[in-house]
Amino acid sequence: MEQGQIVLEHSRVADEEELWHEDDADHDGWFCVRTDPFPCPAAGCTFVAEFMTAAHLILVWQTLDDPNLLHHAARARDVGRNPRVTGYRSEYGPSASYYAWIAAGRPVHGVKAHA
């Protein structure tokens, strides 16, 4: 693994038209992981993320000490993305609960699944 890359395990690739989203989710006051900007790895996609995302949605956790939040922040640190845990605000962009994302099968945009 090279610096600046994150390997996603057991994820499925979502086509542009089927990108998963949470309807009417209000996550203000939840927590997310802000990072240095990084481009979407999908061929031809111009999306640049400044937060830990899945299918272009900012992943959020309800509690600051959630073990999965801390684990993902550590993974971002390990690949040089300079993670900072911060309170989520809707003006950051669309969000998705980490656990709802897991329940949806961990869809991502344009990344091949790793076994």
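All figures in this text were calculated on a predicted structure; none of them were measured in a lab.

> Tell me what's going on with the overall build of the chain, and back it up with residues and numbers.
Regarding its fold elements, the chain presents two helices and eight strands. Listed N to C, the secondary structure of the chain is β-β-β-β-β-α-β-β-α-β in terms of helices and strands. Put simply, of all contacts in the chain between residues at least 6 apart along the chain, 76% involve residues at least 24 apart. Entry remark: accessible area of the chain is about 6700 Å², with carbon and sulfur atoms responsible for 50%.

> Tell me about the sheet that holds strand S4 (residues 53-54), and please be specific about residues and values.
Strand order in the open sheet formed by three strands is S4-S5-S7, with mixed pairing between adjacent strands. Each having just a single partner strand, S4 and strand S7 (95-97) make up the two edges of the open sheet. Relative to S7, strand S5 (residues 57-60) runs parallel, the two sharing three bridges. If you follow Ile 58 over to S7, its bridge partner there is Ser 95.

Rules used in this analysis
Residues numbered from 1 in each chain as written. Predicted model: local features only at pLDDT ≥ 70, side-chain atom pairs only at ≥ 80, totals over all residues. Heavy atoms only, no water. Helix = DSSP H or I, 4+ residues; strand = E, 2+ residues; numbered from the N terminus. Contact = heavy atoms within 4.5 Å. Areas by Shrake-Rupley, 256 points an atom, 1.4 Å probe, with all protein chains shown as cover. Pairing = 2+ DSSP bridges.

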